[in-house]
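Observations on chain architecture
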Amino acid sequence: AALAADEGPLAGRHVLVTSGPTHEPIDPVRYIANRSSGAQGTAIARALVAQGAQVTFVTGPAAVPPPTGVRLVRVETAIQMRDAVEAALPADAAVFAAAVADWRVAQAATSKMKKDGSGRLPQLSFTENPDILAAVAQRSVGRPRLVIGFAAETDDVLAHATAKRLRKGCDWIVANDVSPGTGIMGGRENAVTLITAAGAETWPRMGKDQVAERLATRIAEALR
Ligand code: CTP
Ligand code: CA
């Protein structure tokens, strides 16, 4: 149920949410992207708004429409997302649901790349994007009280996600198994494990909206 801005367990709290993929340009007409739909991040923002939070929603070019009732910041690249996140702080909590491209093309062309008729192939070289979550989680000044990352993994999901929580310095990691066959990437359901300093808690497979509600409730409890 929707609440007025001054009601609900998250009333008066500012929560930052990143969502969607990023697009990294190759030239003016081409880019590198990933399969994130933005569905889980959008559902989380909606659930936070429903609990009364003031939400800044920083989103890459997502397949699903953005939530209503948020302060919406649209970006394309990882660098733009990093800048938008820094500009949105301070926040009480930050949820990093975006699928940020790990690499960008080192020198994106400013002119369209053309076939030159010789059959020669283009060579792309890459550089690593900034880790937006790690930068916020490791801030000595202005760190949100609760910093939450996501870890979409295959193979040993729990081991990867537990290591990722420690490496990045975030408080919680929401881990999921995105192996082919799970139907989670791009699907309506999610099966997650919430990893905190206290351990790992596996939630049953449920709709992305329900995962979002449950996470928003946990965030409200943690900020209380
Ligand atoms: N993340 C981020 N900035 C990046 C990369 C990731 O903010 N440049 C955030 C994601 O939004 C997510 C978390 O970090 O909350 C984990 O992302 P993930 O891609 O799983 O982690 P990586 O450190 O990029 O490791 P991997 O090599 O497994 O992709
Ligand atoms: Ca990554």
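Residues numbered from 1 in each chain as written. Chains lettered and ligands numbered in written order. Predicted model: local features only at pLDDT ≥ 70, side-chain atom pairs only at ≥ 80, totals over all residues. Heavy atoms only, no water.

Focus on the packing of aromatic side chains
Per the stated rule, a full pass over the model turns up zero aromatic pairs. Positioned above the aromatic ring of tryptophan 203 is the side chain of arginine 214, whose terminal nitrogen or guanidinium carbon lies 4.6 Å from the ring centre. One cation-aromatic arrangement involves arginine 218 over tryptophan 172; the distance from NZ or CZ to the ring centre is 5.9 Å. (Phe/Tyr/Trp six-rings, centres within 6.5 Å; stacked < 30°, edge-to-face > 60°. Lys NZ or Arg CZ within 6 Å of the ring centre and 35° of its normal.)

Let's talk about the side chain of threonine 193
Structurally, threonine 193 can be placed in strand β12 (residues 192-196). Judged by its relative accessible area of 9%, threonine 193 is buried. Here the side chain of threonine 193 touches threonine 202 through a polar contact of 3.0 Å, side chain to side chain. Not counting residues up to four positions away in its chain, the partners in contact with threonine 193 are Leu158, Ile173, Val174, Ala175, Ala200, Glu201 and Thr202. (Helix = DSSP H or I, 4+ residues; strand = E, 2+ residues; numbered from the N terminus. Buried < 20%, exposed > 50% of the residue type's maximum accessible area, 1.4 Å probe, protein only. Polar contact = N/O pair within 3.5 Å; in protein donor to acceptor, adjacent residues only side chain to side chain. Contact = heavy atoms within 4.5 Å.)

Here's the deal with the layout of surface pockets
Considered as a void within the structure, the largest pocket measures approximately 1100 Å³ in volume. Surrounding the largest pocket, 40 residues form its lining, Ala98, Ala99, Val100, Phe150 and Ala152 being those nearest its centre. Contributions of two or more residues to the lining of the largest pocket are made by α1 (39-50), α3 (132-137), β9 (146-153) and α4 (157-168). No other element matches the four residues that β9 contributes to the lining of the largest pocket. Partitioned by chemical class, the residues of the lining of the largest pocket number 19 nonpolar, 13 polar and eight charged. (1 Å grid on protein atoms, 1.4 Å probe; cavity = no way out; pocket = protein on both sides within 12 Å on 5 of 7 lines; lining within 4 Å. Points joined across faces, edges and corners; volume = space filled by probe spheres on them. Nonpolar A, V, L, I, M, F, W, Y, C, P; charged D, E, K, R; others polar.)

Here's the deal with the UniProt feature "domain: DNA/pantothenate metabolism flavoprotein C-terminal" (unreviewed entry) in the protein
Taken from the UniProt record, the annotation "domain: DNA/pantothenate metabolism flavoprotein C-terminal" (unreviewed entry) applies to residues 10-221. The span residues 10-221 carries 26% helix and 28% strand; its end-to-end C-alpha distance comes to 9 Å. (UniProt positions renumbered as here; feature names shortened; annotations may be inferred.)

Some thoughts on the environment of proline 65
Tracing the backbone through its elements, the reader meets proline 65 in the loop between β4 (54-59) and β5 (71-74). On the basis of relative accessibility, which here comes to 59%, the residue proline 65 falls in the exposed class. Put simply, proline 65 and serine 37 are 28 residues apart on the chain and 9.8 Å apart in space, counted from C-alpha to C-alpha. Apart from residues lying up to four places away in sequence, proline 65 is in contact with Thr42 and Arg46.

So, α1
The end-to-end C-alpha distance of α1, which contains twelve residues, comes to 16 Å, matching closely the 16 Å that a straight helix rising 1.5 Å per residue would cover. Judged by how many residues are buried, α1 sits mostly within the fold: nine of twelve residues are covered. At the C-terminal side of α1, glycine 52 shows a positive phi close to 95°. (Expected span 1.5 Å × (residues − 1).)

Overview of the pattern of salt bridges
Side chains that differ in sign of charge can pair as their charged atoms come close. Tallying each qualifying case throughout the model produces nine salt bridges. Between arginine 120 and aspartate 116 there is a salt bridge, with its nearest N and O atoms 2.7 Å apart. For arginine 120, a relative accessible area of 64% translates into the label exposed. Across the pair arginine 218 and glutamate 201 runs a salt bridge whose closest N-O atoms are separated by 2.7 Å. With arginine 218 in helix α5 (residues 208-223) and glutamate 201 in strand β13 (residues 199-202), the pair connects residues that are 17 residues apart, well separated along the chain. (Salt bridge = Lys/Arg side-chain N within 4 Å of Asp/Glu carboxyl O.)

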